[in-house]
Amino acid sequence: MNKYRTHNCNELRKKNVGNKVILSGWINKKRDHGNLLFIDLRDNYGITQCIIDKENTSFESLEKTQLETVIKIEGDVIDRSKDTVNKEIDTGEIEVSIKNFKVLGTCKELPLPVFSDQEYSEEIRLRYRFLDLRRKKIHENIILRSKVISFIRNEMNNLGFLEYQTPILTSSSPEGARDFLVPSRLNPGKFYALPQAPQQFKQLVMVSGFDKYFQIAPCFRDEDARADRSPGEFYQLDLEMSFVEQEDIFNVIEALFVKTFKKFSSKKLVSNKFPRISYKESLLKYGTDKPDLRNPLIIHEVTEIFSREDVSFDIFKKLIKSGCNVRCIVTKNTKDKPRSFFDGIDKWAKDQGSSGMAYFTLENEREITANGPIGKFFSRESLKDIMKKTGAKVGDSIFFACNKKEELEKITSLARTKIANELKLISENTFAFCWIVDYPMFEKDSLTNEIKFSHNPFSMPQGNIDDLNFNEPLDILAYQYDIVCNGIELSSGAIRNHIPELMYKLFSIVGYQKKEVDQKFSGMINALSYGAPPHGGIAPGIDRIVMLLANEKNIREVTMFPMNQNAEDLMMNAPSVVNEEQLKELNLTLKIKK
RNA sequence: GGGGGUGUAGCUCAGUUGGUUAGAGCGAUCGCCUGUCACGCGAUAGGUCGAGGGUUCGAGUCCCUUCACUCCCGCCA
């Protein structure tokens, strides 16, 4: 028999009454009645109430034992009278009468209470992460994460994928995020880089003929953090398949996600088949390439209307002449909303740094009219035109914004969210997935005006390769796609370009000579020259999937030992200075700016 | 690199227009209490008001600088 426990703290039930048991765990809570002491003993599995009274010789020392001390108790399982049953816990029908106890691990005065619903500063949580992790909510989140990952592994196996490890110490890549570098002792002056993703390796796995690869892969990027983005490191469900088209990848992910999200959340999926939305359409209708489809509001392009002669809204007319567009958002049945609602949106838009949002409400007083600050500028005919273009009906209101395209997308996207929140149009109890497809291969850098890859340079361009018009690179679309859920980008993916000649061609458009491509991507290009299968894949972020399932807004809530915003581990004191010896061995000298 | 928020007891927070000795709950320590499950009651200890500088007769409160944490922009092919 194990000397620490016969049962865990969530195991004992009515049928165990009369058993002699041994339990070990943390003192979660004490309720001291002077001559009678209740102890909630907690372990990973749950809580068991233990009880001891003054008659027992251990009483006094147990009474003085700190919360969060680890103890072992021996005792008898006893029945609870009906009026003392605790329905909140699984073991609530019984309790353990303590015969004797032993301290297994003492506990100093706590820097933060473990048994409490209070919120604490991030600093103290991260410094004492091992205490923070004992708390119920985050403890359960971490267990959920584990279960989700093992479920995904299992499903991937079922779908015919095999898991392969790829190197952690690899070479620095010229494109993309900043690399974390690791100095090489054996090769003075040279550095390894930690992989930003196993992108090139998984393609090499395909070239090696393994057909279906996946990995729960750690990825390292030296970029600044956000609430939904860990600094430094995160995990992807990295996968790649040979001899596939875009739809084959979609089918795998849809099958996997539908199963996973149904299993681990009670929220409803809007549909099992995720809608495909082109990048262009998404920017127009939602102002972003990660639309929250729970939000029913849609953005309409209405520049034309403001150019009509019977519309006299001169401010917009002037802006349009200088290259601006007008887009609008229709809100259903808002004619009775107070003036403060409309002005609030306008003021909010101005606070966002835009020129605000003009609005009116459509009413029918013998004929169609537009009520609101800019209503008077519109003829009856122009209003009918607007209604036709936007689907707006009498009783609806319309918010207009006018700006240069990029600014316009930004503000209408934010406004779409803002207005929907104000009108409570977003259902918290659903997952709305979608695919964003048909990303452009290239884009123009807004600062330098140079052509650059808009996403992954290794993506396959769409269309017949022989017919591609390389003179109009901005028109070339790629088999490049994102999957988005509730406005959160879970992943990008692509069908890869496995044809070296085509790759040289595409790189030449952004100004790379063949030689440079050979140099910078030697491993890839070389491999693709020896019989590469058509292949493609995707890499959904594990942390964000778990965030959605756990209903958390911050990635630290689903990460066991996260770093803070400055990419420091306050508990382990990383990063830290190293001694001269270590530096010397690595042929490094430090030059630190003061 | 830039912008916003926060910083007062071990923890969570209050602190009025700048005005006497900076408070509460939880926790800690001590005492009382045999059916609690956020047990109850009483007492005690615990403070560089993040730090530095300034204005003022007087600063937790106003100003400047700085640090820490956090959210956002940039960045994240």
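It should be noted that the structure appears before, not after, this text.
Below or above, wherever it landed, is the structure these notes cover.

Thresholds, definitions, all that
Residues numbered from 1 in each chain as written. Chains lettered and ligands numbered in written order. Predicted model: local features only at pLDDT ≥ 70, side-chain atom pairs only at ≥ 80, totals over all residues. Heavy atoms only, no water. Pairing = 2+ DSSP bridges. Helix = DSSP H or I, 4+ residues; strand = E, 2+ residues; numbered from the N terminus. Axes fitted to C-alpha atoms, helices over the stretch in contact; angles between N-to-C directions. Contact = heavy atoms within 4.5 Å. Near = heavy atom within 4 Å. Polar contact = N/O pair within 3.5 Å; in protein donor to acceptor, adjacent residues only side chain to side chain. Nonpolar A, V, L, I, M, F, W, Y, C, P; charged D, E, K, R; others polar. Salt bridge = Lys/Arg side-chain N within 4 Å of Asp/Glu carboxyl O. Buried < 20%, exposed > 50% of the residue type's maximum accessible area, 1.4 Å probe, protein only. Parallel < 35°, antiparallel > 145°, perpendicular 65-115°, else oblique. Left-handed = near helix turned anticlockwise from the far one by under 90°.

Here's the deal with the sheet that holds strand E15 (residues 358-365)
Strand order in the open sheet formed by five strands is E13-E14-E17-E15-E16, and the pairing between neighbours is antiparallel. The sheet is open, and its two borders are formed by strand E13 (299-301) and strand E16 (367-371), each paired with just one other strand. Ignoring strand direction, the axes of neighbouring strands in this sheet form an average angle of 30°. The pairing of strand E14 (residues 325-331) with strand E17 (residues 397-403) spans seven bridges and is antiparallel. Paired with Ile-329 across the two strands is Phe-399, which belongs to E17. Relative to the sheet, helix H11 (residues 380-390) contacts E13, E14, E15, E16 and E17, its axis offset from that of E16 by approximately 85°.

A closer look at the protein's contact with RNA strand B
Among the 50 residues in the neighbourhood of RNA strand B, the closest are listed as Lys-29, Asp-32, Asn-35, His-455 and Asn-554. Backbone atoms, meaning sugar plus phosphate, form 52% of the atoms of RNA strand B positioned within 4 Å of the protein. Glu-123 places a side-chain nitrogen or oxygen 3.2 Å from a sugar or linking oxygen of RNA strand B. Taking Asn-566, its side chain carries an N or O atom lying 2.7 Å from a phosphate oxygen of RNA strand B. Partitioned by chemical class, the residues of the surface near RNA strand B number 13 nonpolar, 18 polar and 19 charged.

A word on the pattern of salt bridges
Side chains carrying opposite charge are able to pair once their charged atoms draw close together. Scanning the model with the defined rule gives 41 salt bridges in all. Asp-292 is paired through a salt bridge with Arg-294; the nearest N and O atoms lie 2.8 Å apart. What makes Asp-292 buried here is its relative accessible area of 13%. A salt bridge links Asp-346 to Lys-350, with the shortest nitrogen-to-oxygen separation between them at 3.1 Å. On the criterion of helical spacing, the pair formed by Asp-346 and Lys-350 is a turn pair, its members being four residues apart in helix H10 (residues 339-351). Since its relative accessible area comes to 46%, Lys-350 is described here as partly exposed. Each of the salt bridges in this network shares a partner with another, and the network as a whole consists of Glu-122, Arg-125, Arg-129, Asp-132, Arg-135, Arg-556 and Glu-557.

Focus: the environment of Ser-397
Its place among the elements puts Ser-397 in strand E17. By relative accessible area, Ser-397 is classed as buried at 0%. Separated by 65 residues in the primary sequence, Ser-397 and Lys-332 have C-alpha atoms spaced 6.7 Å apart. With residues near it in sequence (within four places) discarded, Ser-397 still touches Ile-329, Val-330, Thr-331, Thr-334, Lys-335, Phe-342, Phe-360 and Thr-361. Only 2.6 Å separates the side chain of Ser-397 from the side chain of Thr-334, close enough to count as a polar contact. Here the side chain of Ser-397 touches Thr-361 through a polar contact of 2.9 Å, side chain to side chain.

Considerations on the packing of helix H4 (residues 136-158) against helix H16 (residues 542-550)
Close contact between H4 and H16 brings their axes to 10 Å; oriented N to C, the two are set at 125°. On the basis of the axis angle, H4 is oblique to H16. Classified by chirality, the crossing of H16 by H4 is right-handed. Contacts between H4 and H16 pair Lys-137, Asn-141, Leu-144, Arg-145, Val-148, Ile-149 and Ile-152 from the former with Ile-542, Asp-543, Val-546, Leu-549 and Ala-550 from the latter. Along the lines of polarity and charge, the residues of the contact of H4 with H16 split into eight nonpolar, one polar and three charged.

Digging into the pairing of strand E3 (residues 46-53)
Among the eight residues of E3, six are classified as buried, and the element is accordingly described as predominantly covered. Where strand E2 (residues 36-43) folds back on E3, the antiparallel hairpin that results is connected by two residues. Pairing analysis gives two bridges linking E3 to strand E5 (residues 94-105), with the strands arranged parallel. Its bridge partner being in E5, Ile-51 is matched across the sheet by Ser-97.

Read these as spatial facts, not as claims about activity.
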